[in-house]
Amino acid sequence: MSQQLVQLIVSGLAVGAVYALVGLAFILVNEATGVVNFATGQFVMVGCFVAVTTVVQMQLPLAAAYPLALTAMAFFGAIFYAIVFRPLQDRAVVTVIIGTVMIGIVIQNASLITWGSVPFRPRSPFGRQVVDVFGAAISAHALFVIAVAFLMIGLLYVLIYRTSVGARMRAVAQDRDAARLMGIGVDRMFVLTWVIAGLLTGTAGILVGPMWFADVNMGDPIALKAFAAIIIGGFSSVPGAILGGVLVGLAEMLGAAYVSSTYKDGIVFLIMILFLLVRPQGIFGERIGERA
Amino acid sequence: MPRPAVVASVALFLLALLLPATVSGYGIRILNLAFISAIAVIGLNFAFGYAGLITLAQAGFVGCGAYVTAILTTSVGLSPWVSIPIATASGGVLAVLIGLPILRLKGHYLALATLGFNVSFVIVATNWKSVMGGTDGISGIPALTLGSFSLGTDHRYFYVLWTALAVATWVAWRIRASHVGLAMIAVRDDEIATATSSVGVTRIRVQAFALSAVYAALAGALFAHMTNFVAPDDFALGHSIIYLAMLIIGGEGSIVGAIAGAVIVTFMPELLRDLGSAYLIFFGGLMLLILIYLPKGLFSVAAALGRRLGMARP
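Residues numbered from 1 in each chain as written. Chains lettered and ligands numbered in written order. Predicted model: local features only at pLDDT ≥ 70, side-chain atom pairs only at ≥ 80, totals over all residues.

A. Examining the overall build of chain A more closely. The secondary structure content of chain A amounts to 11 helices and 2 strands. Counted from the first residue to the last, chain A has its helices and strands arranged as α-α-α-α-β-β-α-α-α-α-α-α-α. Its C-alpha atoms give chain A a radius of gyration of 19 Å, near enough to 19 Å, the size a compact globule of 292 residues would have. Counting only C-alpha atoms, chain A reaches 60 × 50 × 35 Å along its principal axes. Expressed as a percentage of its 292 residues, the buried residues of chain A come to 51%. Sequence-distant contacts, at least 24 apart, represent 74% of the contacts inside chain A between residues at least 6 apart. (Helix = DSSP H or I, 4+ residues; strand = E, 2+ residues; numbered from the N terminus. Rg over C-alpha atoms; globule rule 2.2 N^0.38 Å. Buried ≥ 20, exposed ≤ 12 C-beta atoms within 10 Å, placed from the backbone. Contact = placed C-beta atoms within 7 Å.)

B. Focus on the overall build of chain B. From N to C terminus, chain B includes 15 helices and 4 strands. The C-alpha atoms of chain B give 19 Å as radius of gyration, which agrees with the globular expectation for 314 residues (20 Å, within 12%). Projecting the C-alpha coordinates of chain B onto the three principal axes gives extents of approximately 55 × 50 × 40 Å. Relative to its 314 residues, chain B shows a buried fraction of 49%.

C. Focus on the interface of chain A and chain B. With 33 residues of chain A in contact, the opposing surface of chain B contributes 33 residues. Counting only elements with at least two residues in the side of chain A that touches chain B, the list comes to α3 (62-88), α4 (93-115), α9 (219-233) and α11 (264-278) of chain A. If one sorts the elements of the side of chain A that touches chain B by residue count, α4(A) sits on top with 14 residues. Of the residues belonging to the side of chain A that touches chain B, the class tally is 25 nonpolar, 5 polar and 3 charged. (Nonpolar A, V, L, I, M, F, W, Y, C, P; charged D, E, K, R; others polar.)

D. Local environment of the pairing of strand β1 (residues 130-133) of chain A. All names here are of chain A. In this structure, β1 lies alongside strand β2 (residues 136-139), joined through 4 bridges in antiparallel fashion. Its bridge partner lying in β2, Val131 is registered against Ile138. Taking the residues between adjacent antiparallel strands as the criterion, β1 and β2 are bridged by 2 residues, where Phe134 takes a positive phi near 50°. (Pairing = 2+ DSSP bridges.)

E. Examining unusual backbone geometry more closely. We note that Asp90(A) has phi near 65°; this positive angle belongs to a residue other than glycine. Within the fold, Asp90(A) resides in the loop between α3 and α4. Judged by the 11 C-beta atoms lying within 10 Å of it, Asp90(A) is exposed. The backbone phi angle of Asn228(B) is positive, close to 60°, even though this residue is not glycine. Along the polypeptide, Asn228(B) turns up in the loop between α11 (201-227) and β4 (229-230).

F. Quick peek at the nonpolar core. The biggest cluster of nonpolar side chains holds 207 residues, and the ones touching the most others in it are Val18(A), Leu21(A), Val22(A), Ala38(B) and Ile39(B). Broken down by element, this core gets its largest block of residues, 19 residues, from helix α1 (residues 3-33) of chain A. When residues of this core are assigned to domains, at least three fall in each of domain 1 (22-217) and domain 2 (218-292) of chain A. The residues contacting Leu21(A), other than those within four sequence positions of it, are Ala149(A), Met152(A), Leu200(A), Thr203(A) and Ala204(A). (Core = buried A, V, L, I, M, F, W, Y, C linked by C-beta atoms within 7 Å. Domains from an automatic or database assignment.)

G. Spatial organisation of the environment of Ala66(B). Residues and elements named next belong to chain B. Tracing the backbone shows Ala66 in helix α4 (residues 58-76). A residue is classified by how many C-beta atoms lie within 10 Å of it, and Ala66, with 31 of them, is buried. Note: C-alpha distance between Ala66 and Phe229 (163 residues apart in sequence) is 9.1 Å. Those residues in contact with Ala66, other than ones at most four positions away along the chain, are Gly220, Ala221, Phe223, Ala224, Val230 and Phe235.

H. Spatial organisation of the domain arrangement of chain A. Residue and element names in this part refer to chain A. Parsing chain A into structural domains produces domain 1 (22-217) and domain 2 (218-292). Each of domain 1 and domain 2 has a C-alpha centre, and these two points are 19 Å apart. Counting from both sides, the interface comprises 17 residues of domain 1 and, opposite them, 14 residues of domain 2. The residue makeup of the side of domain 1 that touches domain 2, split by class, is 9 nonpolar, 6 polar and 2 charged.

I. Summary view of α4(A). The end-to-end C-alpha separation of α4(A) is 32 Å, in line with the 33 Å expected for 23 residues at 1.5 Å each. Gly116(A) sits one or two residues past α4(A) and shows a positive phi near 80°. (Expected span 1.5 Å × (residues − 1).)

J. Highlighting the environment of Met189(A). By the secondary structure assignment, Met189(A) is in helix α8 (residues 186-211). Apart from the residues lying within four places of it in its own chain, the contact partners of Met189(A) are Ala32(A), Arg168(A), Met169(A), Val172(A) and Ile184(A).

K. How the structure looks around the confidence of the model for chain B. Residues and elements named next belong to chain B. In this model, chain B carries an average pLDDT of 86, and 97% of its residues clear a pLDDT of 70 or more. By mean pLDDT, the top-scoring element of chain B is α4 (95), and the lowest-scoring one is helix α15 (residues 298-308) (73). Reported for the predicted complex are a pTM of 0.84 and an ipTM of 0.76. (pLDDT = per-residue confidence, 0-100.)

L. Spatial organisation of the packing of helix α5 (residues 140-162) of chain A against helix α6 (residues 164-174) of chain A. Residue and element names in this part refer to chain A. At a minimum axis separation of 5 Å, α5 and α6 run at an interaxial angle of 75°. With respect to each other, α5 and α6 are oriented roughly perpendicular. Taking contact as the criterion, the partners of Leu159, Ile160, Tyr161 and Arg162 in α5 are, on α6, Val165, Gly166, Met169 and Arg170. (Axes fitted to C-alpha atoms, helices over the stretch in contact; angles between N-to-C directions. Parallel < 35°, antiparallel > 145°, perpendicular 65-115°, else oblique.)

M. Up close: the packing of α4(A) against helix α14 (residues 279-293) of chain B. Between α4(A) and α14(B), the shortest axis-to-axis distance is 8 Å and the interhelical angle comes to 160°. Viewed along their axes, α4(A) and α14(B) adopt a mutual orientation that is roughly antiparallel. With respect to the hand of their crossing, α4(A) and α14(B) are arranged in left-handed fashion. Of the residues in α14(B), those touching α4(A) at Thr95(A), Ile98(A), Gly99(A), Met102(A), Ile103(A), Ile105(A), Val106(A), Asn109(A) and Ala110(A) are Leu280(B), Ile281(B), Gly284(B), Gly285(B), Met287(B), Leu288(B) and Leu291(B). In terms of residue class, the contact of α4(A) with α14(B) is built from 11 nonpolar, 5 polar and no charged. (Left-handed = near helix turned anticlockwise from the far one by under 90°.)

N. Molecular detail of the environment of Tyr243(B). All names here are of chain B. Inspection of the secondary structure puts Tyr243 in helix α12 (residues 237-250). Taking the C-beta count within 10 Å as the criterion, Tyr243 has 29 such neighbours and is therefore assigned buried. Sequence spacing of Tyr243 and Phe223 is 20 residues, and the spatial spacing of their C-alpha atoms is 15 Å. Residue contacts for Tyr243: discarding those within four places in its chain leaves Ser37, Ala40, Val41, Leu44, Gln58 and Ala59.

O. Looking closely at α11(A). The terminal C-alpha atoms of α11(A), which comprises 15 residues, lie 21 Å apart, in line with the 21 Å expected from a rise of 1.5 Å per residue. Where α11(A) is concerned, the buried positions are Asp265(A), Gly266(A), Val268(A), Phe269(A), Met272(A), Ile273(A), Phe275(A) and Leu276(A). Check the buried side of α11(A) and you find it contacts α9 and α10 (238-258) of chain A together with α5 (80-102) and α6 (107-127) of chain B.

P. Examining the confidence of the model for chain A more closely. Scored by pLDDT, chain A has a mean of 87; 97% of the residues are at 70 or more. Here residues 288-292 of chain A is a poorly scored stretch, pLDDT under 50, and it has 11 contacts once near neighbours within four places are set aside; other chains count.

In structure tokens:
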């Protein structure tokens, strides 16, 4: 393989891993609480900037800065639950869509006032180090992103499928009323879901910072790619979100290099719309109730 | 709607004709923008308010109308009086082409597909420099003229927009009362029952979507000839959200509500100007509060107040 191709594939995988994390946060919230969170992109942006604060502004060592940023994002998820989710819960789909978009606008502009419009570039734990992979110089940060994303997905899998808390979360997702009758604290599971969403998007934000610039407008483009990823993978499928994210990341990087750099986002949306038309349940999707 | 409310709305609308005499230049410009948005939102009311289609593509169709008339009057050299009807129709054609495949989708799937269309529109407009001008957009779009009399000033253009809005409202009212309007509402309320009454559900959906796009494209064309300049930013996804917010704030499923919502939301930045950079925080928060506490929109509150004051008979 040519060096350029290896580089493109690795960076595509790294970007795709970020989209997968964001897509997972979106799916998790949608499955567990029934809310389509159009502010997911702003979660990533806030995560990125909280890391800017702990890493760049407070100059903490990374071993303290990253956990502190993630803790902040866990609280952010819990606050979002209390202020936004509770009032919007059980409303019509369109109310939730517009409501979460509006709160996204609030978050974006509050961040603009807090952090300003000049982009930051937080440093990577690996600096500008490069690693040799199949004779190609690969940024160590890209490999770090892929590894961390794998770790987070693994932890999420263990939590959901191997612990009693996970079983309770799945019960709430399947049938909220039945779960409540079984004595499961449904509201507590909702809080937990939003906290996990905060952690997943926070991780995505921390990882994205050193790859691109930290900019208050970064949320929407990332969310749009994550939407495309989950449509391609299957709206309610965890492996689908991972595969979809990776496919979108690869399509973006390879499309920009070999097809057209100006239309790279257009390529992604074209694939998404084709999937909606030809295979609306996505690659792994099973439930097609609301689709066709 | 109770008759006194209709009479009051019509009277208010006629009174608006006096506004250019009393309002300053900037106020009229904002009012013009509000009327243009009102046309797009009346259209959106067909797709969302009546047929229940969650579409995030309205700004894309506004852009379609704006760019078609911009290209036809600058590069091709047509008169705006010819290009505006063509631009308006082009919105409908584009909506049928897109709607036939994607209107099989529902709920947030439809929302995401239409969102994809709107984002793609902006990507194409930004990158197709030779035809759509890229980020620089298209400038030098001529203003409307009647013979040698220019309608280009904001005060004169107000009457053009007032007429367009009046016609758009009247047509919308006629469609709402026709079997097409009833079929749209029937599809939203009970799809299966409607289908068994031998009404083509998909055809009705596509009709509602195309109608909403025709109104959007008309609004876009009128916008292009007012600002004399179009650029991709004016038709970005955020504007589609604003159109939906206008409809919901005014009261979905109501033509008067659509107009009221458009006017209120367009003027809100002016009323909140003192907040400076915190304005969007307040705007987003206010929208959220209205969605939560007044889910039927401000118009429902006005109607309830009217009843309380004994304006309306039951």
